[in-house]
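# Coordinate analysis (summary)
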Amino acid sequence: MDTVLSEVGRQTLQLSYPDEVDEVEAALRRFRGNARRRPKPPVGMGVELLPLADYVIPVLAGLFGIASGRIAERATDALTDRTRALLAELRDRPGPGAGPMTPEQEREVFESVLLSLEGKVSPEEAQRVAHGVIGALRMRSTGR
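Description of the structure in this document. (Residues numbered from 1 in each chain as written. Predicted model: local features only at pLDDT ≥ 70, side-chain atom pairs only at ≥ 80, totals over all residues. Heavy atoms only, no water.)

## Here we look at the overall build of the protein chain
Secondary structure summary: the protein chain contains seven helices and zero strands in total. Helices and strands in the protein chain line up, N terminus first, as α-α-α-α-α-α-α. Each of the 144 residues in the protein chain was classed as buried or not, and the buried ones make up 47%. Pairs at least 24 apart in sequence give 68% of the contacts found in the protein chain among residues at least 6 apart. Within the structure as shown, the protein chain displays about 7,900 Å² of accessible surface, and the carbon and sulfur contribution to it stands at 51%. (Helix = DSSP H or I, 4+ residues; strand = E, 2+ residues; numbered from the N terminus. Buried < 20%, exposed > 50% of the residue type's maximum accessible area, 1.4 Å probe, protein only. Contact = heavy atoms within 4.5 Å. Areas by Shrake-Rupley, 256 points an atom, 1.4 Å probe, with all protein chains shown as cover.)

## Here's the deal with the nonpolar core
Note that soluble globular proteins tend to have their nonpolar side chains buried in a common cluster. Ranked by internal contacts, the top residues of the largest apolar core, which has 40 residues, are Leu 63, Phe 64, Val 109 and Val 113. Put simply, the parts of the chain that give this core at least two residues each are helix 1 (2-16), helix 2 (24-33), helix 3 (53-63), helix 5 (81-92), helix 6 (103-117) and helix 7 (123-142). Here the element with the most residues in this core is helix 3; it accounts for eight residues. With residues up to four places along the chain from it excluded, the contact list for Phe 64 reads Val 4, Leu 5, Val 8, Leu 87, Leu 90, Arg 91 and Leu 137. (Core = buried A, V, L, I, M, F, W, Y, C linked by side-chain atoms within 4.5 Å.)

## As for the side chain of Ser 141
By secondary structure assignment, the location of Ser 141 is in helix 7. The class for Ser 141 is buried, based on a relative accessible area of 6%. In this structure the side chain of Ser 141 is engaged in a polar contact, spanning 2.9 Å, whose partner is the backbone oxygen of Arg 138. The residues contacting Ser 141, other than those within four sequence positions of it, are Leu 90, Gly 95, Pro 96, Gly 99 and Pro 100. (Polar contact = N/O pair within 3.5 Å; in protein donor to acceptor, adjacent residues only side chain to side chain.)

## Some details on helix 6
Between its first and last C-alpha, helix 6 extends 21 Å over 15 residues, near the 21 Å set by a 1.5 Å rise per residue. Taken together, the buried positions of helix 6 are Gln 105, Glu 106, Glu 108, Val 109, Phe 110, Ser 112, Val 113, Leu 114, Ser 116 and Leu 117. Among the residues trailing helix 6, Gly 119 stands out with phi positive, at a value near 80°. (Expected span 1.5 Å × (residues − 1).)

## What to know about the pattern of salt bridges
Pairing between side chains of opposite charge can happen when their charged atoms approach one another. Applying the stated criterion to the full structure yields ten salt bridges. Notably, a salt bridge pairs Glu 23 with Arg 30, separated by 4.0 Å at the nearest N-O pair. Between Arg 138 and Glu 106 there is a salt bridge; the shortest N-O distance is 2.6 Å. Of the two residues, Arg 138 is situated in helix 7 and Glu 106 in helix 6; the sequence distance between them amounts to 32 residues. One salt-bridge network, held together by shared partners, links Glu 23, Arg 30 and Asp 54. (Salt bridge = Lys/Arg side-chain N within 4 Å of Asp/Glu carboxyl O.)

## Comments concerning the packing of helix 3 against helix 6
Running from N to C, helix 3 and helix 6 cross one another at 130°; their axes reach a closest spacing of 10 Å. With respect to helix 6, the element helix 3 is oriented oblique. Handedness of the helix 3/helix 6 crossing: right-handed. In this structure, helix 3 contributes Tyr 55, Val 59 and Leu 63 to the contact, and helix 6 contributes Val 109, Ser 112, Val 113, Ser 116 and Leu 117. A breakdown of the residues in the contact of helix 3 with helix 6 according to their chemical character gives six nonpolar, two polar and no charged. (Axes fitted to C-alpha atoms, helices over the stretch in contact; angles between N-to-C directions. Parallel < 35°, antiparallel > 145°, perpendicular 65-115°, else oblique. Left-handed = near helix turned anticlockwise from the far one by under 90°. Nonpolar A, V, L, I, M, F, W, Y, C, P; charged D, E, K, R; others polar.)

Pasting the structure below:
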């Protein structure tokens, strides 16, 4: 499952914050090592200094049903069963066979990402990341 998080995390950041793509692998290691604890900025520094990848990886893990807990529940609250099934398909067997997301499903995922990032990053950053997630999922569903 780390491969899925790495690939989609990279694509998400490539589309939304290209300067942060190199942070994905380190964020994935931090996520796996501290899955129960949220990453913290250096003492005396603001949250805004954390790489966005440290927020993107847990959100994706929740969307793909890889993580459990509050973050995952929050990420999937806005998703219908049909969208959850499509995301599971994209997680396990990416490509045209999974089919593209409908506009309604894209809106669900977009809202889910915004909800998951609420209070963690600025609303503008959350929207930019959500657009990146949608773009990465489109790429995954087409196999490109």
